[in-house]
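Chain residues, written in single-letter form:
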Amino acid sequence: MERRDNQSPQAQTARILVEFLEAAITSIVFLKGVYPSGAFERRRYMNVVVQKARYPQLGEYINSAVTGLLPFIEKGLVERVAVIFFDSENIPLERFIFNLSVNQSYGSKVEAADLEFSLRSFFIKLPVSETLTKVLPQDCRWEITAYFRALPQASTSKDAELWIPTDTKQWLQPPLITPVKSMSSEPLGVQLYLEHPSLSEPKP
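The rules behind each value
Sequence positions are assigned chain by chain, starting from 1 and proceeding in written order. Restriction of local features to residues with pLDDT of at least 70 applies here, the model being predicted, together with a cutoff of 80 or more for giving and counting side-chain atom pairs; totals for whole chains, interfaces and linings are based on all residues. Working from all heavy atoms in the structure, the side-chain values ignore hydrogens and water. Secondary structure elements are defined from DSSP: runs of H or I of at least 4 residues count as helices, runs of E of at least 2 residues count as strands, and each element is numbered from the N terminus. Between N or O atoms, a polar contact is any pair within 3.5 Å; within protein, one atom must be a potential hydrogen donor and the other a potential acceptor, and residues adjacent in sequence are included only when both atoms are from side chains. Residues count as neighbours in contact if any of their non-hydrogen atoms are within 4.5 Å of one another. For every residue, the accessible area (1.4 Å probe, protein chains only) is compared with the maximum for its type, and the residue is labelled buried under 20%, exposed over 50%, or partly exposed between those bounds. At least two DSSP bridges between two strands are required for those strands to pair. Here is the rule: rings of Phe, Tyr and Trp (six-membered ring for Trp) pair when centre to centre is within 6.5 Å. Planes less than 30 degrees apart are stacked, more than 60 are edge-to-face, and the remainder are tilted. By definition here, a salt bridge exists when the distance from a side-chain nitrogen of Lys or Arg to a carboxyl oxygen of Asp or Glu is within 4 Å. Fitted lines through C-alpha atoms serve as axes, helices being fitted only where they are in contact, and the angles separating the N-to-C directions of these axes extend from 0 to 180 degrees. Angle categories are assigned with fixed cut-offs, so that under 35 degrees is roughly parallel, over 145 is roughly antiparallel, 65 to 115 is roughly perpendicular, and the rest are oblique. Three classes are used: nonpolar for Ala, Val, Leu, Ile, Met, Phe, Trp, Tyr, Cys and Pro, charged for Asp, Glu, Lys and Arg, and polar for all others, with Gly counted as polar.

*Asks:* Tell me about the side chain of His196, and name the residues and values.
*Replies:* Within the element layout of this structure, His196 appears in strand S7 (residues 188-196). Of note is the side chain of His196, whose polar atom sits 2.6 Å from the side chain of Glu94. In this structure His196 touches Leu93, Glu94, Leu132, Thr133, Lys134, Trp171, Pro175 and Leu176, once residues within four positions along its chain are discounted.

*Asks:* Mind laying out the pairing of strand S3 (residues 78-86), listing which residues take part and the relevant values?
*Replies:* With 7 of 9 residues buried, S3 lies mostly within the body of the structure. When S3 meets strand S5 (residues 141-148), the two strands line up antiparallel, connected through 8 bridges. Across the sheet, the residue bridging to Phe86 is Arg141, located in S5. Inspection of the sheet shows S3 paired to strand S4 (residues 92-102) by 7 bridges, in the antiparallel sense. Across the sheet, Ile84 pairs through a bridge with Arg95, a residue of S4.

*Asks:* Can you explain the packing of aromatic side chains? Please cite residues and give values.
*Replies:* Scanning the entire structure with this criterion turns up 9 aromatic pairs. Relative to Phe122, the ring of Phe20 has its centre 5.4 Å away and its plane inclined at 65°; by these criteria the two rings are edge-to-face. Note that Phe20 is positioned in helix H1 (residues 9-31) and Phe122 in helix H4 (residues 112-128), a separation of 102 residues in sequence. With a relative accessible area of 1%, Phe122 lands in the buried category. Between Phe85 and Phe96, the aromatic rings sit 6.2 Å apart at their centres with planes inclined by 75°, giving edge-to-face as the arrangement. Taken together, the residues Phe85 in strand S3 and Phe96 in strand S4 connect sequence positions 11 residues apart.

*Asks:* Any chance you could break down the pattern of salt bridges for me, citing the residues and the numbers?
*Replies:* Under the counting rule described, the total for this entry stands at 4 salt bridges. Ionic pairing is found between Glu94 and Lys32, a salt bridge with its closest N-O pair at 2.9 Å. Note that Glu94 is positioned in strand S4 and Lys32 in the loop between H1 and strand S1 (40-45), a separation of 62 residues in sequence. Just as Glu94 is buried, Lys32 falls in that class too.

*Asks:* Which residues make up the packing of H1 against H4, and what values do they have?
*Replies:* Packing of H1 against H4 brings their axes to within 11 Å, and their N-to-C directions diverge by 10°. Accordingly, the angle class assigned to the pair H1 and H4 is roughly parallel. Two secondary-structure elements touch here, H1 through Thr13, Ile16, Phe20, Ala23, Ala24, Ser27, Ile28 and Leu31 and H4 through Ala112, Leu115, Glu116, Leu119, Phe122, Phe123, Leu126 and Pro127. Classifying every residue of the contact of H1 with H4 gives 13 nonpolar, 2 polar and 1 charged.

*Asks:* Describe the environment of Val78, naming the residues involved and giving the relevant values.
*Replies:* Mapped onto the fold, Val78 is located in strand S3. Residues Val78 and Ser101, spaced 23 residues apart in sequence, show a C-alpha to C-alpha distance of 8.3 Å. Leaving out residues up to four positions away in the same chain, Val78 has contacts with Leu69, Phe72, Ile73, Leu100, Tyr147, Phe148 and Arg149.

Structure (structure tokens):
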């Protein structure tokens, strides 16, 4: 992805973050075994080996979803990005949550190498976290969901029209949360954690 030296710190940070999210979400989908291993190929990113989608539709879905968030991340509107896996009844089984924080008042030059060094640790941690996750049924599905701090105005932004309110079913009880990895390197903070339904969650 192209980086321009004359961009604002927020724009530079958002571009690095979007590129990271695309690679990280692809790695999560690979980790969960939703598709055959042949649907992915290995590539090097941030000096570590990650997975890249070989199926055009899969790659385009992930790319368009995270790229569509770019203008909202720049403005600090995106609070969380989630990869949610559902059962055949459309009930969430597992959520991978990226909690995002971009310092809107940061005015210094963004050191891309420092940010990428901090983000790289997520790709090292993800394969190790597989033991914390659930085994998914064969008929499961998944989606990318973004949670906004404030709703963008569709009337003033064509980008906002690409996002629609979700009708995803929610758990009735607070979820079980398992931290996976966090980093803070100005102007960016990222936390990754897993959410599972509470043991007291009513069965459908």
